[in-house]
Amino acid sequence: MKQILVVGNGTISRGIKRYIPEAVVIKRPEYDIRQELVVPDIEPGVAVICAAITGFGMCDKYPEWSRSINVIHTKRAAEKLYDAGWNVVMLSSSAAINGTGEYGKQKQDLENEWRFGPILRLPKIISHDVSVVDSWIRLLRNNEIVYAFAYGIIQPVPRKSVAEALQILSTIKEGTFEIAGPICTWHNLAITIADELGKDQSFVLEQESSASYEILNNNKMVELGWYQYSLPELEANSD
C-alpha cells in the first residue's frame, strides 16, 4: 500500500490515523497550514489535506480569513506536495455542487483550480467526538430528552468510510468522486442511536430546520469497491 500522508488536525485527520495507523500526520502545533510546508523526506504516495474551516457560520462571518485557509493556503500546500511526487486528494463537500454559502463557494473555487489529484466530496461525517452526537449519547444514557432536526436530508458516513475511500483513491490521479451514506435526517440518526443504546425512541423529539444539502451519488466509489454502511452499521462504526 502506498504511503499515506495527512496534513492537519480534526475529526477526519484523527479518523484516518485511527483506521490507517501507519499514516504519517503533520499537524499543529508543529505545522500550521498558513506556514510553508516542509515535505517529509519519505517515499511519496497519497496525501490529504484536512486543515480547513468547515463551519458554514464561521466562513460567512469571516470570509477573507476562511478563504485564505480553505483555498489559498490549501492550494499552496497541495502544489508543494504534488511537485514532490505526491498524489493529493482534495476533501470537498456537497456544498461545492451549487456553491452553497461562503463555504460552498470556497470549496467550489478550489475544485475548479485543483490539478493535484482526485477530488472527494463528503457528506456529514459522524463519530462519537462530533459534538452533537456526543451530546445525544450522554443525554440518552441519562434518560434525558434530545432534539434532532426532522427536515433536511443528510447522508452520513463514519470516519472509517473516509479512510477506506482514501485508500481506494490512492492510485487514482484525477476525477471527482463522492461518498454518501443512507439518505436520512438528523432525527432518523438520533432514533438509530437511541435504539443502539437500548433507549426508548420517545426520548428523541423532532426539531424543525430549514437547512438543506445537495444529494451525493456514491455509485462511482461503490464500483471501485467502497462500502456504504447502513444506519445501524454507521453507529457501530462511529468510534
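Quick caveat: nothing in here was measured; it's all calculated off a predicted structure. (Residues numbered from 1 in each chain as written. Predicted model: local features only at pLDDT ≥ 70, side-chain atom pairs only at ≥ 80, totals over all residues. Heavy atoms only, no water.)

J.: Mind showing me how you'd approach the nonpolar core here?
T.: For soluble globular proteins, nonpolar side chains are generally found buried alongside one another. Counting residues in hydrophobic clusters, the biggest one holds 25 residues, and the most contacted among them are L5, Y31, I33, I49, L81, V88 and W114. Put simply, the parts of the chain that give this core at least two residues each are β1 (4-7), β3 (46-49), α3 (63-83), β4 (87-93) and α4 (101-113). Look past the residues within four positions of L5 in its chain and what remains in contact with it is V24, I26, P40, V46, A47, V48, L81 and W86. (Core = buried A, V, L, I, M, F, W, Y, C linked by side-chain atoms within 4.5 Å. Buried < 20%, exposed > 50% of the residue type's maximum accessible area, 1.4 Å probe, protein only. Helix = DSSP H or I, 4+ residues; strand = E, 2+ residues; numbered from the N terminus. Contact = heavy atoms within 4.5 Å.)

J.: Teacher, can you tell me more about the side chain of N70 here?
T.: Along the chain, the position of N70 falls in helix α3. Only 2.8 Å separates the side chain of N70 from the side chain of Q106, close enough to count as a polar contact. Those residues within four positions of N70 in sequence are excluded, and the remaining contacts are A52, I53, C59, Y103, Q106 and L110. (Polar contact = N/O pair within 3.5 Å; in protein donor to acceptor, adjacent residues only side chain to side chain.)

J.: What exactly am I supposed to notice about a nonpolar patch on the surface here?
T.: On the surface, M58, Y62 and W65 cluster together into a nonpolar patch covering about 280 Å² of accessible area. Residue W65 is classed as partly exposed on the basis of its relative accessible area of 33%. (Patch = residues over 30% accessible without salt bridge, like charges linked within 9 Å, V, L, I, M, F, W, Y side chains within 5 Å. Areas by Shrake-Rupley, 256 points an atom, 1.4 Å probe, with all protein chains shown as cover. Salt bridge = Lys/Arg side-chain N within 4 Å of Asp/Glu carboxyl O.)

J.: Looking at this structure, I do not really get the packing of α3 against α4. What am I missing?
T.: Helices that pack against each other are described as a pair by the angle of their axes relative to one another and the distance between those axes. Between α3 and α4, the least distance of the axes is 10 Å, while the angle of their chain directions is 20°. Of the possible angle classes, the one that applies to α3 and α4 is roughly parallel. α4 is crossed by α3, and the crossing has right-handed handedness. The segment α3 lies against α4, with P63, S66, R67, N70, V71, T74 and K75 engaging E102, Y103, K105, Q106, D109, L110 and E113. In terms of residue class, the contact of α3 with α4 is made up of four nonpolar, four polar and six charged. (Axes fitted to C-alpha atoms, helices over the stretch in contact; angles between N-to-C directions. Parallel < 35°, antiparallel > 145°, perpendicular 65-115°, else oblique. Left-handed = near helix turned anticlockwise from the far one by under 90°. Nonpolar A, V, L, I, M, F, W, Y, C, P; charged D, E, K, R; others polar.)

J.: Would you mind showing me how to read α3 here?
T.: An α-helical turn contains 3.6 residues, so a residue and the one three or four places further along point in the same direction. With 21 residues, α3 extends 29 Å between its outermost C-alpha atoms, agreeing within 8% with the 30 Å of an ideal straight helix rising 1.5 Å per residue. In the structure, α3 departs most strongly from a straight axis at I69, where the bend amounts to approximately 30°. For α3, the complete set of buried residues consists of S66, S68, I69, N70, V71, H73, T74, A77, A78 and L81. Tucked inside the fold, the buried residues of α3 contact β1, β3, α2 (56-61), β4 and α4. G85 occupies a position one or two residues after α3 and carries a positive phi of about 105°. (Expected span 1.5 Å × (residues − 1). Bend = angle between axes of the 7 residues up to and from the residue.)

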